[in-house]
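# Structural characterization, general
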Amino acid sequence: MSETSAHERAFEEKLDKLAEVAVRVGLGLQAGQELVMTASLDSVALARRITEHAYRAGASLVTTLYSDDEATLMRYHYGADAGFDHAAKWLYDGMGAAFKSGAARLAIAGANPSLLSNEDPEKVSRASRAVSQAYRPALELITRHEINWTIVACATPAWAKAMFPDESPEVAMAKLWDAIFATTRIDQDDPVSAWKAHDAALQKRAALLNEKRYAALKYSGPGTDFSLGLADGHWWLGGGTTAGNGYYCIPNMPTEEVFTTPHKLRADGTVTATKPLSHLGTMIEGIRVRFEEGRIVEAHATRGEEVLRKLIDTDDGARRLGEVALVPHSSPIAHSGMLFYNTLFDENAASHIALGQAYSSCVVDGDKLSPEQLAAKGANDSLIHVDWMIGSGELDIDGITASGQAEPLMRKGEWV
Ligand code: ZN
Ligand code: ZN
């Protein structure tokens, strides 16, 4: 047997393990459930393995919706201007109908981080807005955790090139795959028990924070002096959750965060991003914003400022925060020192906040509350939900108790 084929076989085994762990641990797919999967044409190999494991787990039907970067670009190059306010509403309605009738949802991430970098930001933002509006009813079933869902990544050539521009395409892909396998614990002897232990540790961290009932968090670090109130009745989550349909899932692979709902009226001060953000195929770098009473009143970026401005102008809620997440600077992803240009990874390498929609599952009994009741507790509402990274090895975070006392929570990016 040649060395190459041994190497290839080892890779195929890991790819298969990733698919199996995604279906059984991430998604918690149940016998008889339908699965709706989205993937790019560059992720076919992983999508097929996931399909196989889904059927082995008893899936009644697996439907994969493939996207194609080249076709996306053709729209920008040849599509009529008026078309950019249009989205395939029928498709998103169909996905919503599938979720309502019991389907699980799996997304394969791996987008080219700068696919749309050279396209007209105005068109990019209109197209994204149209999709957000059309997808909203279906997405709500996901943000309310009514169904079991997960996101898992597949290395793709364009993504690998963005991360390792100086390497050959083969070496770049191999390095990215190694990083995906390491951060999703697939390279460990028993990935399933490794995930169980990791999930338990995140649950414990969230439970500790839930006991504290902090009223606010206070951040200080280079370029950041920021205080953020937490929503009334906020609830910290980490690791897996039991979805409304009763099935346990771990929504992101990897995941290193504990997160909750901030109060949409209680953010004050300046925050500086510590990593670039790839948003809608465009890079936004050097984000620096100032909040007053929960609302962004000043926004700057050293690169992609126009995209940032369009993003926060999406609707009123797009200028306010819907998520706050704590991630230690020593998380395995941060430890790798790599910048992934992909939120699934980068948000799990650093403490972050998200503009836009709040997760109602991060409010006590949130799933039973009306939108008005959630808003009264401070949960934000928006068409967007965009995470950006503000954590670093230089960031200190205090928890502020209801009586106004500060307790050290993180020092130099690590749990106290
Ligand atoms: Zn997050
Ligand atoms: Zn988020």
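Provided above is the structure to which this section pertains.
Everything in this summary refers to the structure shown in the same document. (Residues numbered from 1 in each chain as written. Chains lettered and ligands numbered in written order. Predicted model: local features only at pLDDT ≥ 70, side-chain atom pairs only at ≥ 80, totals over all residues. Heavy atoms only, no water.)

## Some details on the packing of aromatic side chains
What counts here: The pairing test for Phe, Tyr and Trp rings, Trp by its six-membered ring, is centres within 6.5 Å, and the orientation test on the planes gives stacked under 30 degrees, edge-to-face over 60, and tilted for anything in between. Runs of E in the DSSP output that reach at least two residues are strands. Runs of H or I that reach at least four are helices, and both are numbered from the N terminus. Burial classification: accessible surface area is computed with a 1.4 Å probe over protein chains only, and a residue below 20% of its type maximum counts as buried, one above 50% as exposed, and the rest as partly exposed. A positively charged side chain is recorded as over a ring if its NZ (Lys) or CZ (Arg) lies within 6 Å of the ring centre. The angle to the ring normal must also be within 35 degrees.
Summed over the entire model, instances satisfying the criterion amount to ten aromatic pairs. Centroid distance Y92 to Y135: 5.2 Å. Interplanar angle 50°. Geometry classified as tilted. With a gap of 43 residues between them, Y92 in helix α4 (residues 89–100) and Y135 in helix α5 (residues 121–143) connect regions that are remote in the sequence. Looking at Y92, the relative accessible area reads 16%, which means it is buried. Residue class for Y135 comes out buried when judged on its relative accessible area of 12%. Through pairs of rings, three or more aromatic residues link up here, namely F11, W177 and F181. Between R205 and the ring centre of W415, over which it is positioned, the NZ or CZ distance is 4.0 Å.

## Looking at the coordination of the zinc ion (ligand 2)
Under ideal tetrahedral coordination, the four donors around a metal are separated by 109.5 degrees; under ideal octahedral coordination, the six donors are separated by 90 or 180 degrees. As a reminder of what qualifies: For Na, K and Ca the donor cut-off is 3.2 Å, while for other metals it is 2.8 Å, and in both cases only N, O and S atoms qualify; water is not among them, so sites may look incomplete. Four donors are marked tetrahedral only if all angles between them lie between 85 and 135 degrees, whereas four are marked square planar and six octahedral if opposite donors are more than 155 degrees apart and the other angles lie between 65 and 115; the remainder are marked irregular.
Those protein atoms acting as donors to the zinc ion (ligand 2) are E323 (OE), H385 (NE2), D387 (OD) and D387 (OD), and they sit at 2.0 to 2.4 Å. Around the zinc ion (ligand 2), the four donor atoms sit at angles spanning 55 to 141°, and that spread fits a shape best called irregular. The sequence pattern formed by the donor residues of the zinc ion (ligand 2) is E-x61-H-x1-D. A separation of 3.5 Å is found between the zinc ion (ligand 2) and the zinc ion (ligand 1), which are bridged by E323. Within this pair, whereas E323 is found in strand β16 (residues 321–326), its partner H385 is found in strand β18 (residues 385–389), the two being separated by 62 residues in sequence. Looking at E323, the relative accessible area reads 2%, which means it is buried.

## Some remarks on the sheet that holds strand β20 (residues 406–411)
Cut-off, in case you're wondering: Two strands pair if DSSP finds at least two bridges between them.
Taken in spatial order, the eight strands line up as β15-β14-β11-β6-β5-β19-β20-β21 in an open sheet, and their pairing is antiparallel. Looking at strand neighbours, the two that pair on one side only are β15 (295–300) and β21 (414–415), the edges of this open sheet.

## Observations concerning the environment of V21
Here is the rule: Should any heavy atoms of two residues lie within 4.5 Å, those residues are considered in contact.
The topology assignment puts V21 in helix α1 (residues 3–27). Linking V21 and V192, residues 171 residues apart in sequence, is a C-alpha distance of 6.8 Å. Once you skip the residues sitting within four places of it in the chain, V21 turns out to touch G26, I186, P191, V192, W195 and M253.

## Quick look at empty space enclosed by the protein
Heads up, the condition is: Buriedness for pockets is judged along seven lines, at least five of which must meet protein on both sides within 12 Å for an open set on the 1 Å grid over protein atoms alone, while cavities are sets there where a 1.4 Å probe fits but cannot get out, and lining residues have an atom within 4 Å of a point. Grid points are joined across faces, edges and corners, and a volume is the space filled by probe spheres set on the points. Just so you know the grouping, Ala, Val, Leu, Ile, Met, Phe, Trp, Tyr, Cys and Pro go in nonpolar, Asp, Glu, Lys and Arg go in charged, and all remaining residues, Gly too, go in polar.
For the coordinates displayed, the defined rule picks out one cavity of 30 Å³ or more. The calculated volume of the largest cavity comes to roughly 50 Å³. Taken together, V327, P328, H329, A349, A350, S351, G391, S392, L395, I397, M410 and G413 make up the full set of residues lining the largest cavity. Split by residue class, the lining of the largest cavity holds seven nonpolar, five polar and no charged.

## Section: unusual backbone geometry
Note that the residue after M253, namely P254, is joined by a cis bond; omega there is 5°. Residue placement: P254 occurs in the loop between β9 (248–249) and β10 (258–260). In this structure, D365 is a non-glycine residue whose phi angle is positive, near 60°. Locating D365 in the fold gives a position in the loop between β17 (352–356) and α12 (371–376). For D365, a relative accessible area of 46% gives the class partly exposed.

Everything listed here is a matter of geometry and, on its own, says nothing about what the molecule does.
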